[in-house]
Amino acid sequence: DSEKKPTVVFVLGGPGSGKGTQCANIVEHFGYTHLSAGDLLRAEIKSGSENGTMIQNMIKEGKIVPSEVTIKLLQKAMQDSGNDKFLIDGFPRNEENRAAFEAVTKIEPAFVLFFDCPEEEMERRILSRNQGREDDNIETIRKRFKVFLESSLPVVEYYDSKGKVQKVDAAKPIDEVFEVVKAIFTPKDE
Ligand code: UP5
Ligand code: MG
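Residues numbered from 1 in each chain as written. Chains lettered and ligands numbered in written order. Predicted model: local features only at pLDDT ≥ 70, side-chain atom pairs only at ≥ 80, totals over all residues. Heavy atoms only, no water.

Colleague: Before we go on, may I ask you to explain helix α4 (residues 67-81) in this structure?
Modeller: Along an α-helix, residues three or four positions apart point the same way, because every turn accommodates 3.6 residues. Helix length check: α4, at 15 residues, gives a terminal C-alpha distance of 21 Å against a target of 21 Å (1.5 Å per residue), a fit within 8%. Three or more residues of α4 are buried, namely S67, V69, T70, I71, L73, L74, A77 and M78. The elements touched by buried residues of α4 are β1 (7-13), β2 (33-36), α2 (37-46), α3 (52-60), β3 (85-89) and α5 (95-105). Directly beyond the C-terminal end of α4, a positive phi value near 75° is found at G82. (Helix = DSSP H or I, 4+ residues; strand = E, 2+ residues; numbered from the N terminus. Expected span 1.5 Å × (residues − 1). Buried < 20%, exposed > 50% of the residue type's maximum accessible area, 1.4 Å probe, protein only. Contact = heavy atoms within 4.5 Å.)

Right, here's the structure in full:
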């Protein structure tokens, strides 16, 4: 059809790599709407929806919520935003997420922003965050790391094989990471 498709950037990286932090910066400078799949799922738990308990249990175990649930939330948030440029943070987390999103929305990402960070640093950040997240305890953090390595990194590798990954060293201080991110989003002349 003739409807113009929105621009989507997938923002991926391990737990605590700084996805949410950097997305907030990108929104301020480049007019994107930030959609954190994890935030949308946590809001769904709070809303008391019928899926809430299932989502809560999966997040507590560091498991990946079924694609159809997450994709519905993302689609609704995209429609409600009125914008046509999105940072989708923390999704797709596995091959099935990726294929389902493409099949349902017919959207392919413009590129993938990948925050590369050593596990010790990510663990330190999460343990000092103190925002009351139910998955920010050492047992769940270990499970999240395992799922990231086994299921989510292959998605990054898939997009890398298509030349679509912009990899950023995320172990540096927040402002230094953003300098690199800013250059990626700044339109180049010719
Ligand atoms: N911080 C950030 N950058 C820093 C820097 N450069 N130097 C020093 N400190 C830095 O940052 C984490 C902390 O580190 C903050 O205190 C920050 O100030 C500091 P943040 O920006 O929050 O990192 P982020 O990568 O967003 O970490 P988050 O914990 O949100 O990542 P996860 O991927 O683990 O969490 P998410 O919310 O995406 O998913 C949670 C769970 O939801 C998943 O485990 C899964 O169970 C479920 N889920 C799905 O099932 N499907 C989905 O599609 C998405 C989620
Ligand atoms: Mg986050």
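Still more ground to cover, so stick around.
Colleague: Just checking my understanding: could you explain the site of ligand 1 for this structure?
Modeller: If you check the shell around ligand 1, you find 31 residues, and the closest are T21, K63, V65, R93 and R144. At a separation of 3.0 Å, an oxygen atom of ligand 1 approaches a polar backbone atom of G20. The side chain of R133 places a nitrogen or oxygen atom 2.9 Å from an oxygen atom of ligand 1. Alone, ligand 1 offers 1,000 Å² of accessible surface; in the complex the protein occludes 87% of this. Of all the secondary structure elements, the ones that give two or more residues to the shell around ligand 1 are α1 (19-30), α2 and α3. The dominant element in the shell around ligand 1, judged by the number of residues it contributes, is α2, at four residues. (Near = heavy atom within 4 Å. Polar contact = N/O pair within 3.5 Å; in protein donor to acceptor, adjacent residues only side chain to side chain. Areas by Shrake-Rupley, 256 points an atom, 1.4 Å probe, with all protein chains shown as cover.)

Colleague: Could you clarify how one ought to interpret the sheet that holds β2 in this entry?
Modeller: Pairing between the strands of a sheet comes from backbone hydrogen bonds, and it takes one of two forms, parallel or antiparallel. On the basis of which strands lie adjacent, the open sheet formed by five strands has the order β2-β3-β1-β4-β5 and parallel pairing. Both outer strands of the open sheet, β2 and β5 (165-169), are each paired with one neighbouring strand and no more. Put simply, the sheet's adjacent strands are angled 20° from each other on average, direction ignored. Across five bridges, β1 lies against strand β4 (residues 111-116) in parallel orientation. By the bridge assignment for β4, L12 is matched with F114. Packed onto the sheet, helix α8 (residues 174-185) meets β1, β3, β4 and β5 and runs at close to 170° relative to β4. (Pairing = 2+ DSSP bridges. Axes fitted to C-alpha atoms, helices over the stretch in contact; angles between N-to-C directions.)

Colleague: I tried to follow the pairing of β4 on my own but got confused; where do I start?
Modeller: Walk down a regular strand and you will see the side chains alternate between the two sheet faces. Summarising burial for β4: five of the six residues are buried, a large majority. Sheet topology places β4 next to β5; five bridges connect them, and they run parallel. Residue D116 lies in a different strand from β5, and its bridge partner there is D169.

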